[in-house]
Amino acid sequence: MNGPLRRPRTLLSACFVLACGTLPGADRPNIVYILADDLGYGDVASYNAGSKIPTPELDKLAKQGRRFTDAHSPSSVCTPTRYALLTGRYAWRSPQKTGVLSPWGRPLIDKDRLTIATFLKQNGYRTAAIGKWHLGWTWPTHDGQAPASGQDRLSNVDFTKPVADGPVTRGFDYYFGVDVPNYPPYVYIENDRVQGIPSVTNRPEYNRPGPMLPGWDWGDVLPEITRRAEHYIEDSAKRPDPFFLYLPLTSPHYPVVPTAEFKGKSGAGDYGDFVMQTDWTVGRILDALDRSGAAANTLVIFTSDNGPEVSGEVRPGVYDRIRQYGHSSAGPLRGAKRDLWEGGHRVPFLTRWPGKIPAGTVSTETISHVDLFATVAALLEKTLPPAAAPDSFNILPALRDEPTTGPLRPATVHHGINGSLAIRRGDWVLIDAPSGDLNREPEWRKEEWKISSHQQPAELFNLKEDPQQRSNRYADQPALAAELKALLDQYRDRGRSTPGPDLQNDPASPSALSNTSREGPWKSGDLLAGNDAPKIARRPLTISATIKPTAADGVVLAQGGARHGLAIYLKQGRLIFATRVDATLKTVSAPAPPLGIESRVEGVLSSNGKISLLVDGKEAAAPVFSGFISDEPGDPLSVGRDTNSPVGEYESPFPFQGSVENATLRSTAP
Ligand SMILES: [Ca+2]
Ligand SMILES: [Ca+2]
């Protein structure tokens, strides 16, 4: 850039820097950030030559822009990824160190924290979030108690009142969507109002029970979000200010509900069809940008919030899909949603900005969704306050394919569902846990990939030599492992991973965020299904409750059913603790505590596989061998009754007469 052109160009840039705050110009592009839910690295055809799912719209986007092969969701599950994306701060620094927000969960983003939406608004942008929120709200209740729902009741939420502390209080001018498609309430929310009163309950066997709008159809959710997003783009394109559309899709997360046009169209079952519909949705958004004339000045990013789902709720999950359809949703990667292995968080990442991002190119730069904030700040040539976006790096050079002297991120932290962390630097990744497996990798996969187990306290992989993470190098690279661990500790302790003053992490407060902790305490009527239910397979555990019975029969607490599960119940004046291990029923029993008297009852499954019963801390029956529960049951945990299939010899739900309080289930991980 030497020679006669240099001076005028400098003048032009200076003019832009000074004046463009008030001018719509090429340096204030619209930003459309599309976040698919649980879409795997191998679900997009440009990432997986062997994919059984056509994704023509995403393939087109890849051709029009730049495709990243080493992009990471900040966490391997929903809530923490969304937190990090919108705040530029890793979610393990927030009160939510593990898991995701439960139904009716409270707001996770502190009201005083600068979000990317607030920042863009301060810089003249219109901002909207359309789709799945999953970052909490404050639900108003009739009784002033915490919001809740159960199988046999609607909820105590007052749906006639505004829902506080949602997206419109965290920097978005506009919101439309569902909080979480598989959580109650089953109703749309626009800004801070539910759209209609959810006055009926959904079928208990379908997703989580709770209040639902009459006529609610899960299949309408993705098309409705798509329509709203198209409308928002068309409307915004007519206005002078640039816009930021954050579009967290509800697909291909369960409920897997492809519409009729997509049914049977992929080669990978309903899930594949739903991915095709997701692809079509992206096409509609891109069409809306074209139609409205906004495409030329819009930065589009398409990615996913974590890797593909394992659980049966998507029928079949990622591993079974490989065997049933020959389609690998994680592509060549090891692991899935929840895991710390690459399959949990390495995700498709497609970008387009005509004339600014080179078309049809590929970047191998290691990037993370947490980088959006610093990248946008750099684009607008703004300096962020020192406490804002403490883990966000500017990735503009990678987007524009500009030469760089080294990696844009010195290192990147990955966050698994149980709060375990991993740190990636260059080709190496250290998983600071005995395994990156936070689901349960099937044995056939281990055999197929010739993976042998190890007894190391951590895992160290060289992703260049070993992209499938088969060979743990922890034992033969102790100095490198120690160095990475020290860097992770430094990032953790400093409250930030970017240069700047030290900051504080938030204390963990799961009970403040979730109304139903996985260990309890619960009371009669509580129900925990799916991922909210405690893990009970292959581990010693204790269930306990304070009961005051008024009849001789009824279930205190049950989880599971006639195949896998456990229950503590009264039957004909006996107190019984029962387990089902591969359908075999084992019980211990003792005389039931007297009616009308409060007692503490405990069922213990010990580390030697024996079950025993305690009443008020005293052993009430001799231990009997049961063995551990062999598999996680699909049936929920229910208190004061046994839902669906019965664990013991009674007819479900076999309700408890009297009170059950302070019920807990404590276990030790296997
Ligand atoms: Ca997700
Ligand atoms: Ca049951």
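Placed above this text is the structure.
Keep in mind that this is a model prediction, so the values were computed, not measured.

Quick look at the overall build of the chain
- Counting secondary structure elements, the chain contains 13 helices and 30 strands.
- The C-alpha atoms of the chain give a radius of gyration of 26 Å, which matches the 26 Å a tight globule of 670 residues would have.
- Across the 670 residues of the chain, 58% fall into the buried class.
- Residue pairs in contact within the chain that sit at least 24 positions apart in sequence constitute 70% of those at least 6 positions apart.
- Just so you have it, the chain exposes about 25,800 Å², and 52% of that area is on carbon and sulfur atoms.
- Across the chain, the centroid of the 74 positively charged side chains sits 3 Å from that of the 75 negatively charged ones.

Here we look at empty space enclosed by the protein
- Going through the model one piece at a time under the given rule, you end up with five cavities of 30 Å³ or more.
- Here the largest cavity defines a volume of roughly 170 Å³.
- Every residue lining the largest cavity is counted, 18 residues in all, and those nearest its centre are V100, Y183, Y254, K337 and N531.
- Mapping the lining of the largest cavity onto the domain boundaries places at least three of its residues in each of domain 1 (30-494) and domain 2 (517-667).
- Taken together, Y33, I301, F349, S368, H369, D371, L372, T375, I395 and L399 form the lining of the second largest cavity.
- Split into classes, the residues belonging to the lining of the second largest cavity amount to six nonpolar, three polar and one charged.

Looking at the packing of aromatic side chains
- In this structure the tally under the stated criterion is 21 aromatic pairs.
- Ring centres 6.1 Å apart and planes at 25° place the aromatic pair F172 and F244 in the stacked group. With F172 in the loop between strand 5 (153-155) and strand 6 (174-178) and F244 in strand 11 (residues 243-248), this residue pair connects regions lying 72 residues apart in the sequence.
- Here the aromatic cluster, defined as three or more aromatic residues joined through ring pairs, consists of W104, W133, W137, W139, F159, F172, Y175, F244 and Y246.

Considerations on the sheet that holds strand 18 (residues 428-431)
- In space, the four strands of this open sheet follow the order 16-17-18-19, with antiparallel pairing throughout. Looking along the sheet, the strands with just one partner apiece sit at the ends: strand 16 (412-415) and strand 19 (459-462). Neighbour-to-neighbour, the strand axes of the sheet open up by a mean angle of 20°, direction not taken into account.
- Pairing analysis gives four bridges linking strand 18 to strand 19, with the strands arranged antiparallel.

As for the coordination of the calcium ion (ligand 1)
- Distances from the calcium ion (ligand 1) to its protein donors, D37 (OD), D38 (OD), C78 (SG), D305 (OD), D305 (OD) and N306 (OD1), fall within 2.2 to 2.7 Å.
- For the calcium ion (ligand 1), the six donor atoms in the first shell make angles of 52 to 157° at the metal, so the coordination geometry reads as irregular.
- Among the residues examined, D38 registers a relative accessible area of 1% and is labelled buried.

Here is what the cut-offs are and how they apply
- Residues numbered from 1 in each chain as written.
- Chains lettered and ligands numbered in written order.
- Predicted model: local features only at pLDDT ≥ 70, side-chain atom pairs only at ≥ 80, totals over all residues.
- Heavy atoms only, no water.
- Helix = DSSP H or I, 4+ residues; strand = E, 2+ residues; numbered from the N terminus.
- Rg over C-alpha atoms; globule rule 2.2 N^0.38 Å.
- Buried < 20%, exposed > 50% of the residue type's maximum accessible area, 1.4 Å probe, protein only.
- Contact = heavy atoms within 4.5 Å.
- Areas by Shrake-Rupley, 256 points an atom, 1.4 Å probe, with all protein chains shown as cover.
- Lys, Arg positive; Asp, Glu negative; His and termini not counted.
- Charge placed at Lys NZ, Arg CZ, Asp CG, Glu CD.
- 1 Å grid on protein atoms, 1.4 Å probe; cavity = no way out; pocket = protein on both sides within 12 Å on 5 of 7 lines; lining within 4 Å.
- Points joined across faces, edges and corners; volume = space filled by probe spheres on them.
- Domains from an automatic or database assignment.
- Nonpolar A, V, L, I, M, F, W, Y, C, P; charged D, E, K, R; others polar.
- Phe/Tyr/Trp six-rings, centres within 6.5 Å; stacked < 30°, edge-to-face > 60°.
- Pairing = 2+ DSSP bridges.
- Axes fitted to C-alpha atoms, helices over the stretch in contact; angles between N-to-C directions.
- Donors = N, O, S within 2.8 Å, 3.2 Å for Na, K, Ca; no water.
- Tetrahedral: all angles 85-135°; square planar, octahedral: opposite > 155°, others 65-115°.

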